[in-house]
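Residues per chain are reported as follows:
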Amino acid sequence: MKKGYFGDFGGRFVPELLMPPLVELEEAMASILPSKTFRKELADLLANYAGRETPLTYCPALSKKLGFDLWLKREDLLHTGAHKLNNTLGQALLARHMGKTNLIAETGAGQHGVATAAAAARLGMTCTVYMGAEDVERQSANVRRMRLMGAEVVAVESGSRTLKDAINAALRAWISLQGSTHYCFGTAAGPYPFPDLVREFQSVIGREARAQMLERTGSLPDYVVAAVGGGSNAIGMFAPFVPDASVKLIGVEAGGSGEEGCPNSAAINLGRPGVLHGEYTMLLQDEAGQILPSGSISAGLDYPGVGPEHACLAASGRVKYGVAYDHEALAAFQALCRFEGILPALESSHALAYVLEHAGEFEPGSRVLVNLSGRGDKDMDIVEHALHL
Ligand SMILES: *Cc1c(COP(=O)(O)O)cnc(C)c1O
């Protein structure tokens, strides 16, 4: 396989001025990540600051209704409420070992911004978060969290004033800052080596879940299901299971409202290959190659592309990619609250929704493992408004 590529996908399509920091990062990954000191420090942060390992929870009531065993990997219980901290702690620690003192990051809904701000505060680094001006207005609670943890939030006024534009602004800022600054990218996408780096730090999810399933049930799950935005929680969950031929892997994209011509975030199911944010991957685009505005009831899945490793896993058929619509995610959100006493993030609700909507496709008695990527307290207003509660 060509370096930096997953099949046809991936690569490093960036301006010449971004090559030096990307090469520096690639070299640091090779020399620092395997070192004993780094691994020990990261393990300590994950255990004693972030709260790993996260539990594996069996769902008795839903399993009884469904006729197969439903298990959840509880990333909702991680500090800051989602899997994102696995990645930001890893990148912040790596950056500090590289001698960097400043982190920059993009954020859409604000979850990655909060996780980066937390990691920066914990490791004594300064932090600037680029956020679309539209999102700054919509996600004021997360803006306040970031500021409380000492991060500066920059409202990006260009383009559609959302995540896509925030990434472009952060990449531009990295060109001029370089030196003491690391760009803490938020998902398993972007130019090489970010897809590898983020997979590396998120794979702790799948490694733990695989061992926990073996210990609790004596065997591997039959199915592993995860929601796909850029693809970091899903690739972190899937990677350790990819060599297990008996385990079927299902990624779930956000289909939006499901109405004809509505915005959605299903880049693998509805997109075509193209280049965005430094990588060649599946993208939502029009006939002329213009990126289409994405949309989903879940802000964290609202992205017009997907990480290149997912594009490759889809092309090879190793992972199947389905779609869940807004109303299905809302129903799954309610079901998990009502039957198991857990409020899932709307992102994670898409993974659960696929299982509930396609229950007939899972053999009776099989073991289905869903990655519960985050908690849903942040989504209560949206859910109550959508369901007229
Ligand atoms: C950000 C987010 C996602 C989507 O991002 P991925 O990189 O695809 O994982 C999913 N779930 C939660 C809870 C999130 O915060």
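Check the entry above for the structure.
Report follows, based on the coordinates. (Residues numbered from 1 in each chain as written. Predicted model: local features only at pLDDT ≥ 70, side-chain atom pairs only at ≥ 80, totals over all residues. Heavy atoms only, no water.)

Quick notes on the site of the ligand
As a reminder of what qualifies: Throughout, near means a residue has at least one heavy atom within 4 Å of the molecule or strand. Definition of a polar contact: a pair of N or O atoms within 3.5 Å, with one able to donate and the other able to accept a hydrogen when the atoms are protein atoms, and with sequence-neighbouring residues admitted only if both atoms are side-chain atoms. All accessible-area figures derive from a Shrake-Rupley calculation using a 1.4 Å probe, and residue coverage is judged against the displayed protein chains alone. Gly is put with the polar residues, along with every residue not named as nonpolar or charged; the nonpolar set is Ala, Val, Leu, Ile, Met, Phe, Trp, Tyr, Cys and Pro, and the charged set is Asp, Glu, Lys and Arg.
Every one of the 17 residues lining the ligand counts as a neighbour, but K84, T187, G231, S232 and S373 are closest to it. One of the side-chain N or O atoms of T187 is found 2.5 Å from an oxygen atom in the ligand. Between the ligand and N233 there is a distance of 2.8 Å, counted from an oxygen atom to a side-chain nitrogen or oxygen. Across the complex, the protein chains shield 97% of the 380 Å² of accessible surface that the ligand would expose by itself. In the shell around the ligand, the residues fall into four nonpolar, 11 polar and two charged.

Let's talk about the packing of aromatic side chains
In plain terms, the rule: Ring pairs are drawn from Phe, Tyr and Trp, using the six-membered ring of Trp, whenever the two centres fall within 6.5 Å, and their geometry is named by plane angle: stacked under 30 degrees, edge-to-face over 60, tilted for the rest. Each residue's exposure class comes from its accessible area (1.4 Å probe, protein chains only) as a fraction of the maximum for that residue type: buried when under 20%, exposed when over 50%, partly exposed otherwise. Under the scheme used here, helices are H or I runs from DSSP no shorter than 4 residues and strands are E runs no shorter than 2 residues, and both carry numbers assigned from the N terminus. Two limits define a charge over a ring: the Lys NZ or Arg CZ must be within 6 Å of the ring centre, and within 35 degrees of the ring normal.
Summed over all chains, the structure comprises 10 aromatic pairs. Both rings, one in Y183 and one in F185, keep their centres 5.6 Å apart while their planes meet at 75 degrees; by these two values the pair is edge-to-face. Residue Y183 shares its accessibility class with F185, and that shared class is buried. Taking the centre distance of 5.9 Å and the plane angle of 65 degrees together, the rings of Y183 and F194 count as edge-to-face. One end of the pair, Y183, is in strand 8 (residues 181–183); the other, F194, is in helix 9 (residues 194–202), with 11 residues separating them in the sequence. The buried category is assigned to Y183, whose relative accessible area is 0%. In this arrangement the basic side chain of K2 is found over the ring face of Y5, its NZ or CZ atom lying 4.3 Å from the centre. K248 extends its terminal NZ or CZ atom over the ring of Y223, reaching a point 4.9 Å from the ring centre.

Some points on the environment of L25
Positionally, L25 belongs in helix 1 (residues 19–32). Taking the C-alpha atoms as reference, L25 lies 9.6 Å from Y192; in sequence the two are 167 residues apart.

Observations regarding the sheet that holds strand 8
Applied cut-off: Any two strands are treated as partners once DSSP identifies two or more bridges connecting them. Fitting a line to C-alpha atoms yields each axis, with helices limited to the stretch in contact; the angle taken between N-to-C directions then spans 0 to 180 degrees.
If you trace the four strands from one edge of the open sheet to the other, you get 7-6-5-8, paired in parallel fashion. Taken across any chain shown, the strands that pair with only one partner, and hence form the sheet edges, are strand 7 (152–156) and strand 8. Neighbour-to-neighbour, the strand axes of this sheet turn through a mean angle of 20 degrees, independent of strand direction. Direction of pairing for strand 5 (residues 102–107) relative to strand 6 (residues 126–132): parallel, over a ladder of six bridges. Its bridge partner being in strand 6, E106 is matched across the sheet by Y130.

Comments concerning the nonpolar core
The nonpolar side chains of a soluble globular protein tend to be buried, and buried together. For clarity, the cut-off: By nonpolar core is meant a set of buried Ala, Val, Leu, Ile, Met, Phe, Trp, Tyr and Cys residues that side-chain atoms within 4.5 Å join together.
Counting 57 residues, the largest nonpolar core has F38, L89, L94, M146, Y183, F194 and L197 as the members making the most contacts within it. Take this core: its biggest share by element is seven residues, from helix 8 (residues 163–177). Listed in part, the 32 residues of the second largest apolar core include V204, I235, V247 and A267.

Here's the deal with helix 13 (residues 308–316)
All of the buried residues along helix 13 are P308, E309, H310, A311, C312 and L313. Phi turns positive one or two residues past the end of helix 13, at G317, with a value near 85 degrees.

Points about the state of the cysteines
Let me state the cut-off plainly: In plain terms, two cysteine sulfur atoms within 2.5 Å form what is called a disulfide here.
Considering all chains together, one arrives at zero disulfides under this definition. For C127, which is in no disulfide, the shortest distance to another cysteine sulfur is to C184 and amounts to 8.0 Å. Since its relative accessible area comes to 0%, C184 is described here as buried.

Topic: helix 7 (residues 140–148)
The criterion, for reference: This arc describes the spread of directions from the helix axis toward the C-beta atoms. The criterion used for residue contact is that any of the two residues' heavy atoms lie within 4.5 Å.
What helix 7 keeps buried is the set N142, V143 and M146. Summarising the axial view, the buried residues of helix 7 lie within an arc of 105 degrees, below the 170-degree limit, and thus occupy one face. Exposed and oriented more than 90 degrees from the buried face of helix 7 are R144 and L148. Those residues of helix 7 that are buried lie in contact with strand 5, helix 5 (111–122), strand 6, helix 6 (133–138) and strand 7.

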